[in-house]
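The primary structure of each chain is shown beneath.
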Amino acid sequence: MNQTEIAPNRMPMVAMRGVVIFPKMVMHFDVAREASIHAVNAAYAADHQLFLVAQREIFTEEPNEKDLYEFGVIAEVRQVLKTPDGVMRVLVEGVKKARLCAVQKQDTFLTAEVKPVPYKSRAKIDDAELAAMMRSLRELFDQYCDFFPRMPKELVVSVLCQYDPYELFNNIIFNINLDYRQKQELLEENHILKRLGMLYAMLQREIEILNLEREIQEKTKESMDRSQREFYLREQMHIIEEQLGEAEDEQEDALEYITKIKDLKLEASTEEKLIKEAERLGKLPPATQESFVIRNYLDTVLDLPWNTETKAKINLEKARAVLDKDHYGMKKVKERVLESIAIHAMLPDVTGQILCLVGPPGVGKTSIGKSIAKALGRNYERVSLGGVRDESDIRGHRKTYVGAMPGRIMDAMTRAKSKNPLILLDEIDKMSNDFRGDPSAAMLEVLDSEQNKAFRDHYIEVPFDLSKTLFIATANTLDTIPTPLLDRMEVIELGSYNREEKFQIAKCHLLSKQMKKHGLKGTQFKIQDAVLYALIDDYTREAGVRELERMIAALCRKAVKEIVAGNCKRVTVTADNLVTYLGHKKYLPDEQSQQDTVGVVNGLAWTSVGGVLMPLETLVLDGKGMIELTGSLGDVMKESARIAVSYVRSIAKQYRIPEDFYLKNDLHIHAPEGAVPKDGPSAGVTMVTAIVSALSGIPVRHDVAMTGEITLHGKVLPIGGLPEKAMAAYKAGLKTVIIPKRNEPDLEDVDETVRNGIQFVTAETLETVLKTALVSVPEPIPLGTEEQPEIQVEQPPFLHGTTDSISPESKTLIPV
């Protein structure tokens, strides 16, 4: 092996993991890292001088200078042995303390530039103080040795008879167990009195820890001895009780359980299993853990409603009255529920009806479950599934585990106290899974009417019939529900409440509820109808009514404060003083044009909190035939823009538009509120109308709104969300709404107030849309006419700016 020459001020270095060596200390340690092995070999082949320094963190595999302590020890390598498993065992003796100045990698190992430093301080030391410290340290070491009976007596005597402070320190530190960080602190300290004081504090703490360990071990041993003694005495008591006949009490408990089991008239296999457990209980001593487990198990099983059912005479009219009283609107949901109730009236033993109510938060999914139970005359229990990620939450734990209990389904059946309750599975879309199992997979058996006739909970261990239970699940979205689970449920979608429904709910339900909650009477507090509409339009923007209820509660609190303060005896909230109670409006009305304008069209969009008015603006500019789309438009809307331009090119002659406009002009299409992302195909008719108006110079009626998807051949395709979009147009005061012809049946779902206040124009083609929306439609051009009018790119005064004023980040260029 070729040895590398080392500069005089450098020597091989080994980074020690969890080990600190002192001057004059002889010790051996194992070396396994390649760099350390090469460093030992280099030192042993040269002058046997090796610098040993401790790592700050023992898990660092390739330490650099920052990972090492500043002080170490120059050691002499005395012996090197290689073991069969490739590990090197090194015997060294500490020579002198040194400071690490620099670290350098030389070939395959590390070298260190070191500077020897004195290990003994030259500072003046008080002899009396030093003698007192040495005497205290010797006494403390004697206490320490009491914990280690095998420590050689010669070592103890050599320490107790030592009067040289440096030798005393070495004899103690070489033979006690301290953390390497503590040893490093001792190595770095030169002042002998301070070093002995630090060693005294560390040794005292070590003795305290050893005392605690001894106490823990003694308590553990005492506990084990006590358990064995109790077992022995318990067995003796059991034999004595048998001799005296006192064991009959335990047998009586077992017989009582057996009687209860037989009275339930269960299936033969279930009855046999439970009787077997009761007989085991009679043979066990009453104070054993197993006896306690069996008692809990039998009590839990017998508390289940095996044969108990609620029987109610079903009246459809009464059920309808209950649903109407508790909830306003929800026609589809109520009809489906009434159908289910009618089936139960016709066939009481019907099974397999599992409903899933899907809708945004706050629309009454959870509360309608309770109303359905009331209408059916069934017991009601709610099971919250939000955040459940353990299969055992559904199926329970094996009773052999400590603290085992049945799952949420069986627990709900016990609380319902009937075999045919209504169980609401709330937030079924919020379940997740991890290494403990998938709860949605466990729900497959619960919600399958063919399998839940014999549902087995892990704790109960015997089949239980869930087929007569009516399950109703609620969810905010279907995306997170697994397909097999979704296939077992009938989905009923609950849309967001419209403006009129929110008003009726607030007036008939929320207002009286909050007045009662705040202790207000009708003679003390009143909210005008205009205020409720203002709360809906200007202070809330939601699908449900929770925020609306909070706003009404805020008004009630303000009124209570006024009355209690003695400022007035009656508070009436009007549209004029609403701002003084709730502050300025939080939401502004939808943007819309107040006059017939060229290139500006009122579109309609659907959101999760209802419909909104979405104006679309178009500018014609001199250019090279590019389309600029701004307003955070999605890919589908961009495709609609391409289709719209292509269609306008095909009808340019009919509307006196130059057929070469796509070569000489740019089009800029913008949807206001650029920070709000927008997407969907229903803006197709709006884009065509805006482009035709901008190119032809014909204004668009400001009281018309429209929605519909388009094709290249000018057909208008159906869209979704018509009730919400129609409500948005009604709120904005528009008179006419253009909708696809195929959406005409959906007008039945539109609120009656909206249907009566708006004229709906059904369009099968874009020709109908343009005739309705444009202020005037030009006469057809006679055949043979070649002249084409120039496009007037001058725009109305309220549309300013050029393409230079549009930031590059907010526009999309699409070649025509």
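Residues numbered from 1 in each chain as written. Predicted model: local features only at pLDDT ≥ 70, side-chain atom pairs only at ≥ 80, totals over all residues. Heavy atoms only, no water.

Caption draft 1: Examining the overall build of the protein chain more closely. Helix and strand content of the protein chain: 26 helices and 25 strands. A globule of 816 residues ought to have a C-alpha radius of gyration of about 28 Å, yet the protein chain, at 44 Å, is considerably larger. Across its three principal directions, the C-alpha atoms of the protein chain cover 125 × 95 × 70 Å. The long-range fraction of contacts in the protein chain, counting pairs at least 24 apart against all pairs at least 6 apart in sequence, stands at 74%. Working note: accessible area of the protein chain is about 43300 Å², and carbon and sulfur atoms make up 50% of it. (Helix = DSSP H or I, 4+ residues; strand = E, 2+ residues; numbered from the N terminus. Rg over C-alpha atoms; globule rule 2.2 N^0.38 Å. Contact = heavy atoms within 4.5 Å. Areas by Shrake-Rupley, 256 points an atom, 1.4 Å probe, with all protein chains shown as cover.)

Caption draft 2: Representation of the packing of aromatic side chains within the structure. Per the stated rule, a full pass over the model turns up 6 aromatic pairs. Residues Trp306 and Phe464 carry aromatic rings whose centres are separated by 5.0 Å and whose planes lie at 65° to one another, so their mutual orientation is edge-to-face. One end of the pair, Trp306, is in the loop between helix H9 (289-302) and helix H10 (316-326); the other, Phe464, is in strand E11 (residues 463-464), and 158 residues separate them in sequence. For the pair shown, Trp306 and Phe464 are each scored as buried. Centre to centre, the rings of Phe661 and Tyr662 are 6.1 Å apart; their planes meet at 90°, and the pair counts as edge-to-face. Residue class for Phe661 comes out buried when judged on its relative accessible area of 2%. (Phe/Tyr/Trp six-rings, centres within 6.5 Å; stacked < 30°, edge-to-face > 60°. Buried < 20%, exposed > 50% of the residue type's maximum accessible area, 1.4 Å probe, protein only.)

Caption draft 3: Molecular detail of helix H23 (residues 684-696). Between its first and last C-alpha atoms H23 spans 18 Å; for 13 residues at 1.5 Å apiece the expected length is 18 Å, and the two agree. Where burial is concerned, most of H23 is hidden: 12 out of the 13 residues are buried. Burial in H23 covers these residues: Gly684, Val685, Thr686, Met687, Val688, Thr689, Ala690, Ile691, Val692, Ser693, Ala694 and Leu695. Following H23 by one or two positions, Gly697 adopts a phi angle in the positive range, close to 80°. (Expected span 1.5 Å × (residues − 1).)

Caption draft 4: Spotlight on H10. Within the span of H10, buried status applies to Ala319, Val322 and Leu323. The buried side chains of H10 occupy one side of the element, clustering within an arc of 95° when seen end-on. Away from the buried face of H10 by more than 90 degrees, exposed residues Glu317, Lys318 and Lys325 are located. Buried residues along H10 sit against helix H11 (331-346) and helix H12 (365-376). (Arc of directions from axis to C-beta.)

Caption draft 5: Highlighting the nonpolar core. Phe22, Phe51, Leu52, Val92, Phe141, Ile176 and Leu199 are the most contacted members of the largest nonpolar core, which totals 68 residues. Looking at this core, the element that brings in the most residues is helix H6 (residues 192-244), giving 8 residues. Residues Ile505, Ala506, Met515 and Ile527 belong to the second largest nonpolar core, which totals 53 residues. (Core = buried A, V, L, I, M, F, W, Y, C linked by side-chain atoms within 4.5 Å.)

Caption draft 6: Geometry of the pairing of strand E1 (residues 10-16). Taking burial as the measure, the 7 residues of E1 include 7 buried ones, the bulk of the element. In terms of strand pairing, E1 meets strand E6 (residues 109-116) through 3 bridges, oriented antiparallel. In the sheet register, Arg10 faces E6, and the bridge partner there is Glu113. Pairing between E1 and strand E3 (residues 49-54): 4 bridges, direction parallel. Across the sheet, the residue bridging to Met13 is Phe51, located in E3. (Pairing = 2+ DSSP bridges.)

Caption draft 7: Broad picture of the sheet that holds strand E8 (residues 380-384). One open sheet accounts for 5 strands, arranged E8-E9-E12-E7-E13; its pairing is parallel. The strands lining the two open edges of the sheet, one partner per strand, are E8 and strand E13 (490-493). Adjacent strand axes in the sheet meet at a mean angle of 20° when their direction is disregarded. As defined by bridge partners, strand E7 (residues 354-358) adjoins strand E12 (residues 470-475) across 5 bridges and the pair is classed as parallel. When the bridges of E12 are listed, Cys356 appears paired with Ala473. Helix-sheet contacts for H12 involve E7, E8, strand E9 (422-426) and E12, and the interaxial angle to E9 is about 175°. Sheet strands touched by helix H14 (residues 408-416): E8 and E9. Its angle to E8, the strand with the most contacts, is close to 155°. (Axes fitted to C-alpha atoms, helices over the stretch in contact; angles between N-to-C directions.)

Caption draft 8: Geometry of the pattern of salt bridges. Taken as a whole and judged by the stated rule, the model has 37 salt bridges. One salt bridge connects Arg415 with Asp411, and the closest N-O pair in it is separated by 3.1 Å. Taken together, the residues span about one helical turn, with Arg415 and Asp411 both in helix H14 at a distance of 4 residues. When salt bridges that share partners are traced, they join Lys273, Glu277, Arg280, Glu290, Lys399 and Glu461 into one network. (Salt bridge = Lys/Arg side-chain N within 4 Å of Asp/Glu carboxyl O.)

Caption draft 9: Structural detail: the packing of helix H17 (residues 499-517) against helix H18 (residues 529-539). Packing of H17 against H18 brings their axes to within 10 Å, and their N-to-C directions diverge by 125°. It follows from the interaxial angle that H17 and H18 lie oblique. Viewed along their axes, H17 and H18 form a crossing whose handedness is right-handed. Note on element contacts: H18 touches H17 through Asp529, Leu532, Tyr533, Ile536 and Asp537, opposite Arg499, Glu500, Lys502, Phe503, Ala506 and Lys507. The class makeup of the residues in the contact of H17 with H18 is 5 nonpolar, no polar and 6 charged. (Parallel < 35°, antiparallel > 145°, perpendicular 65-115°, else oblique. Left-handed = near helix turned anticlockwise from the far one by under 90°. Nonpolar A, V, L, I, M, F, W, Y, C, P; charged D, E, K, R; others polar.)

Caption draft 10: Seen up close, the side chain of Thr111. Among the secondary structure elements, Thr111 is positioned in strand E6. Judged by its relative accessible area of 0%, Thr111 is buried. Beyond its immediate sequence surroundings of up to four residues, Thr111 is in contact with Arg10, Met11, Pro12, Met13, Ala102, Val103, Gln104 and Gln106.

Caption draft 11: Examining the environment of Cys556 more closely. Along the chain, Cys556 turns up in helix H19 (residues 546-564). Taking the C-alpha atoms as reference, Cys556 lies 31 Å from Thr474; in sequence the two are 82 residues apart. With residues near it in sequence (within four places) discarded, Cys556 still touches Gln514, Met515, His518, Leu520 and Phe525.

Caption draft 12: Just the packing of helix H8 (residues 268-283) against H9, in detail. Where H8 contacts H9, the axes come no closer than 10 Å and their chain directions differ by 145°. The two elements H8 and H9 meet at a crossing, and its hand is left-handed. Contact residues: Lys273, Leu274, Glu277, Ala278, Arg280 and Leu281 in H8; Glu290, Ser291, Ile294, Arg295, Tyr297, Leu298 and Val301 in H9. Its residues assigned to classes, the contact of H8 with H9 comprises 7 nonpolar, 1 polar and 5 charged.

Caption draft 13: Examining the pairing of E12 more closely. Summarising burial for E12: 6 of the 6 residues are buried, a large majority. Neither face of E12 is left uncovered, since the one carrying Leu470, Ile472 and Thr474 and the one carrying Phe471, Ala473 and Ala475 both have all their residues buried.

Caption draft 14: View of the environment of Ala131. Its place among the elements puts Ala131 in helix H2 (residues 127-145). Taking the C-alpha atoms as reference points, Ala131 and Pro165, 34 residues apart in sequence, are found 8.6 Å from one another.

Caption draft 15: Geometry of unusual backbone geometry. With phi around 70°, Lys24 is a residue other than glycine that occupies positive phi space. One can find Lys24 in the loop between E1 and strand E2 (26-31). Owing to a relative accessible area of 52%, Lys24 belongs among the exposed residues under this scheme. If you check the backbone angles, His48 has positive phi at about 65° while not being a glycine. Mapping His48 onto the fold places it in the loop between helix H1 (34-45) and E3.

Caption draft 16: Structural context of the confidence of the model for the protein chain. Looking at the protein chain as a whole, its pLDDT mean stands at 82, while 90% of the residues score no less than 70. Low pLDDT (under 50) marks residues 1-8, which in the prediction has 11 contacts with non-local residues, meaning those over four places away or in another chain. (pLDDT = per-residue confidence, 0-100.)

Caption draft 17: Here's a closer look at the state of the cysteines. One pass over the full model with this rule turns up 0 disulfides. No disulfide involves Cys508; its nearest neighbouring cysteine sulfur is the one of Cys556, lying 16 Å away. Taking the relative accessible area as the measure of exposure, Cys508 reaches 47% and is therefore partly exposed. (Disulfide = S-S within 2.5 Å.)

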